[in-house]
Amino acid sequence: MADAKVIPFDDDRARPGAQRPGRNGRRRPAPAGQGTPHGAGDGPDAEVSPLPARRAPERDGDAQDAVEDHERASDGTAGQWERRIAGGLAFLRRRITGEYQVDEFGYDAELTEQVLMSLLRPLYEKYFRVEVKGVENIPSEGGALLVANHSGTLPLDGLMMQVAVHDNHPAGRHLRLLAADLVFMLPVVNELARKAGHTLACAEDAEQLLRRGEIVGVMPEGFKGIGKPFSERYKLQRFGRGGFVSTALRAGVPIVPCSIVGAEEIYPMIGNARTLARLLGFPYFPLTPTFPWLGPLGAVPLPTKWTIQFGEPIPTDGYPPEAAEDPMLMFNLTDQVREQIQHTLYKLLVQRRSVFF
């Protein structure tokens, strides 16, 4: 038997005008003028004409601009991350070498700005979704005394007020809070409070800060306000003896009332374990619908919607120096501040749609 000739399946040279496979696997007809002449494809010296080179499509102006914008955005993002990393490394170097400054109260401005505020900001913006009103009533320069209501079982309202002042005031001012003795007796909390600019709630420290032109915050209700039962929410407790008014009069700074709505519901206090509180040395031991029944999970605050409103400032620079010793004047000014805060609380509660929205 004669040897059979094997013709490969992919050999199209013997078929003039045969379709050539395309890039997608389908076959396409050979372009005109490039087909092999009839009968000339069987020879070994058959000449195959190459396909013409394909030209890259030209980009129109809008597409080119879009590409350039994307490249610039990518470069900007990379540069921003590089600056953040460089700033973080420089911050760590200063922490390690001790090349940072604190004032006589222990306030660390750099640590507060770059670390503490960054930790509090997600809680402020995303969790409690704080809405701020009347921030323009806080002076752009010079001292001022912010007086606010106090509530919530844990003093988160003071921290949220600190972020509200710093992030919303055009001058980016820092709030220096006056805290109770217990804050500076607790380990870790003591150091963090000092670093954040807080100091002991005494007239001497407050007056010194005010005379230096600082914004000082005080919550005269103290533990009576923060530890009151849920049934008495948004009912202001007694404002002490008016010591904050005397301090403002001596320093000659305005008093700015501040009303905070939303903090009362983060830990609804339905009971107080007084015996346990005395054993632990606390002013109260809260019992809430979730704490201590759910353990550590019960310490998570409820995600209420907050509103912080700063009221019209009450000037004190028009009074004579001896006015700070006038008990009747201090009583009247204290009552004026308290009534303004209480009235604003009622107004905000009427306007509020929901506790959580």
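Quick caveat: nothing in here was measured; it's all calculated off a predicted structure. (Residues numbered from 1 in each chain as written. Predicted model: local features only at pLDDT ≥ 70, side-chain atom pairs only at ≥ 80, totals over all residues. Heavy atoms only, no water.)

**Focus: the nonpolar core**
Move 1: Judged by nonpolar contacts, the single largest core of 30 residues is most densely connected at Leu145, Val147, Phe244 and Val337.
Move 2: The element best represented in this core is helix 9 (residues 327–351), accounting for seven residues.
Move 3: Apart from the residues within four sequence positions on either side, valine 147 is in contact with Val218, Pro220, Phe239, Phe244, Ile255, Val256, Pro257, Cys258, Val337 and Ile341.
Move 4: With 29 residues, the next largest nonpolar core counts Ala148, Val165, Ile215 and Ile266 among its residues. (Core = buried A, V, L, I, M, F, W, Y, C linked by side-chain atoms within 4.5 Å. Buried < 20%, exposed > 50% of the residue type's maximum accessible area, 1.4 Å probe, protein only. Helix = DSSP H or I, 4+ residues; strand = E, 2+ residues; numbered from the N terminus. Contact = heavy atoms within 4.5 Å.)

**Quick notes on the environment of glycine 213**
Move 1: Inspection of the secondary structure puts glycine 213 in the loop between helix 5 (203–211) and strand 7 (215–218).
Move 2: Separated by 38 residues in sequence, glycine 213 and alanine 251 have C-alpha atoms that sit 9.6 Å apart.
Move 3: Aside from chain neighbours lying at most four places away, what touches glycine 213 is Gly142, Gly143 and Arg173.

**A short note on the pattern of salt bridges**
Move 1: According to the stated counting rule, one finds 16 salt bridges in the structure shown.
Move 2: For the salt bridge of arginine 352 with glutamate 265, the shortest nitrogen-to-oxygen distance reads 3.2 Å. Linking arginine 352 in the segment after helix 9 with glutamate 265 in the loop between strand 8 (255–261) and strand 9 (271–272), this pair joins segments that are 87 residues apart in sequence.
Move 3: The network of salt bridges with common partners includes Asp103, Glu104, Arg176, Arg212 and Glu214. (Salt bridge = Lys/Arg side-chain N within 4 Å of Asp/Glu carboxyl O.)

**Some words on the packing of aromatic side chains**
Move 1: Under the defined criterion, the tally for this structure stands at four aromatic pairs.
Move 2: Plain terms: the ring middles of tyrosine 127 and phenylalanine 128 are 5.2 Å apart, the flat faces sit at 75° to each other, and that makes the pair edge-to-face.
Move 3: Tyrosine 127 sits in the partly exposed class, given a relative accessible area of 27%.
Move 4: Judged by centre distance (5.9 Å) and plane angle (40°), the rings of phenylalanine 285 and phenylalanine 291 are tilted.
Move 5: Site record: aromatic cluster; members linked through ring pairs are Tyr127, Phe128 and Trp306.
Move 6: When the ring centre of tyrosine 100 is taken as origin, the NZ or CZ atom of arginine 95, which lies over that ring, is 3.7 Å away.
Move 7: Over the ring of phenylalanine 184 we find arginine 194; its NZ or CZ atom is 4.4 Å from the centre of that ring. (Phe/Tyr/Trp six-rings, centres within 6.5 Å; stacked < 30°, edge-to-face > 60°. Lys NZ or Arg CZ within 6 Å of the ring centre and 35° of its normal.)

**Quick word on empty space enclosed by the protein**
Over the atoms rolls a probe the size of a water molecule, and in doing so it shows where empty space is left.
Move 1: Per the counting criterion, the structure on display carries one cavity of 30 Å³ or more.
Move 2: Of the voids in this model, the largest cavity is the one considered here, and its volume is about 50 Å³.
Move 3: Contributing to the lining of the largest cavity are Gly152, Thr153, Ile226, Lys228, Pro229, Phe230, Glu264, Tyr267 and Met269.
Move 4: Looking at the lining of the largest cavity residue by residue, the class counts come to five nonpolar, two polar and two charged. (1 Å grid on protein atoms, 1.4 Å probe; cavity = no way out; pocket = protein on both sides within 12 Å on 5 of 7 lines; lining within 4 Å. Points joined across faces, edges and corners; volume = space filled by probe spheres on them. Nonpolar A, V, L, I, M, F, W, Y, C, P; charged D, E, K, R; others polar.)

Any link to function would need more than the numbers given here.
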